[in-house]
Amino acid sequence: MRKWDGEVTQPGLILSVAQGVFLMSNGLDATSIKEVGAPDTNGMQVYAHGKNPQVDPSWVAEVTAIFRGYTGIYHLDIIQAAQQIITRGDPTLMLCVSNHVIDVFDPRKQTPLIGQIYKTPSGLGGVFHVKILDLTATHAWVRNHGNSEDFDNALPYRVPLDKIYPIEMKGAA
């Protein structure tokens, strides 16, 4: 398969949005891979939580709410990051999408708290301090806090959890 920047030359993971949402490996022998979207009976696909057509009756509504009418496949260059999480024994991989880049997110790296101040890239080349207003499994709803009056008066917005960083406090020596 091809990806946006050329041919795939090494094993990786494929995120498929079709009959459910699932990950597959492209490092397997091609004879063992079924047509994308076909139900898997050999364990070659790992379904996203709540998106497995074989066990989740509301999978169509779940996929439609997230992806609307889009279906397709993405080659993911996340095999090493995914392997590190699997090696630690965590059964859950979380994927975060930011600026058309898909990354593995390990929720155990930090536990953001509602009401606390963190930093996040501003999109303008700098860093904003933000206060977390609410959390989902993959995102934080934040409001700018302690930057400048113009930025702090902006409406709350959503930031992927993997883009929220603790503020390192440096005390006087």
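Residues numbered from 1 in each chain as written. Predicted model: local features only at pLDDT ≥ 70, side-chain atom pairs only at ≥ 80, totals over all residues. Heavy atoms only, no water.

Novice: Explain the environment of Y74 here, please?
Specialist: With respect to the helices and strands, Y74 occurs in strand β6 (residues 72-76). Judged by relative accessible area, Y74 falls into the partly exposed class, the value being 31%. Taking C-alpha positions, Y74 is 9.5 Å from L23, a pair spaced 51 residues apart along the chain. (Helix = DSSP H or I, 4+ residues; strand = E, 2+ residues; numbered from the N terminus. Buried < 20%, exposed > 50% of the residue type's maximum accessible area, 1.4 Å probe, protein only.)

Novice: Would you take a moment to explain the sheet that holds strand β4 (residues 20-25) for this structure?
Specialist: Working definition: the strands of a sheet are paired by backbone hydrogen bonds and lie parallel or antiparallel to each other. With respect to topology, 4 strands assemble into an open sheet ordered β5-β4-β3-β6, the strand pairing being antiparallel. Across the chains shown, the open sheet's two edge strands, defined by having one partner strand only, are β5 (46-47) and β6. Sheet analysis places strand β3 (residues 13-18) next to β6, joined by 5 bridges and oriented antiparallel. In the sheet register, V17 faces β6, and the bridge partner there is G72. Strands β3 and β4 of the sheet are contacted by helix α1 (residues 59-67), whose axis makes an angle of about 80 degrees with β4. (Pairing = 2+ DSSP bridges. Contact = heavy atoms within 4.5 Å. Axes fitted to C-alpha atoms, helices over the stretch in contact; angles between N-to-C directions.)

Novice: In this structure, what is going on with the sheet that holds strand β10 (residues 127-135)? I would like to understand it.
Specialist: Strand order in the open sheet formed by 5 strands is β12-β11-β10-β9-β13, with antiparallel pairing between adjacent strands. In this open sheet, the two strands that pair with only one neighbour each are β12 (157-160) and β13 (165-166).

Novice: Whenever I open this one, the nonpolar core confuses me. Can you help?
Specialist: Side chains of a nonpolar character, in soluble globular proteins, are inclined to be buried together. Within the largest apolar cluster, 12 residues are counted, these being L13, L15, V17, V21, L23, W59, V63, L76, I78, A82, I85 and V104. Looking at this core, the elements with two or more residues in it are β3, β4, α1 and α2 (79-87). Here the element with the most residues in this core is β3; it accounts for 3 residues. What L13 contacts, discounting residues up to four positions off in sequence, is L23, M24, S25, N26, Y74, H75, L76, I78, I79 and A82. Within the second largest apolar cluster, 9 residues are counted, among which are F128, V130, I132 and V159. (Core = buried A, V, L, I, M, F, W, Y, C linked by side-chain atoms within 4.5 Å.)

Novice: Is there a simple way to explain the confidence of the model for the chain in this structure?
Specialist: As a note on interpretation, predicted positions should not be read in detail where pLDDT is low. The predicted model of the chain has a mean per-residue pLDDT of 75, with 73% of residues at 70 or higher. A low-confidence stretch, residues 169-173 (pLDDT under 50), is modelled with 0 contacts involving residues beyond four sequence positions or located in other chains. (pLDDT = per-residue confidence, 0-100.)

Novice: How should the packing of aromatic side chains be read in this particular structure?
Specialist: In this description, a pair of aromatic rings is defined by centroid distance and the angle of the planes. This structure, assessed with the given rule, holds 2 aromatic pairs. Seen in terms of ring centroids, F128 and F151 are 4.8 Å apart; in terms of plane orientation they differ by 55 degrees. Their pairing is tilted. One end of the pair, F128, is in strand β10; the other, F151, is in helix α3 (residues 149-152), with 23 residues separating them in the sequence. (Phe/Tyr/Trp six-rings, centres within 6.5 Å; stacked < 30°, edge-to-face > 60°.)

Novice: What should I look at first to understand the pattern of salt bridges in this one?
Specialist: Between side chains of opposite charge, a pair can form as their charged atoms come close. Per the stated rule, a full pass over the model turns up 1 salt bridge. Close ionic contact of K51 with E62 constitutes a salt bridge, the shortest N to O distance being 3.2 Å. Within this pair, whereas K51 is found in the loop between β5 and α1, its partner E62 is found in helix α1, the two being separated by 11 residues in sequence. Overall, E62 belongs to the partly exposed group, its relative accessible area being 33%. (Salt bridge = Lys/Arg side-chain N within 4 Å of Asp/Glu carboxyl O.)

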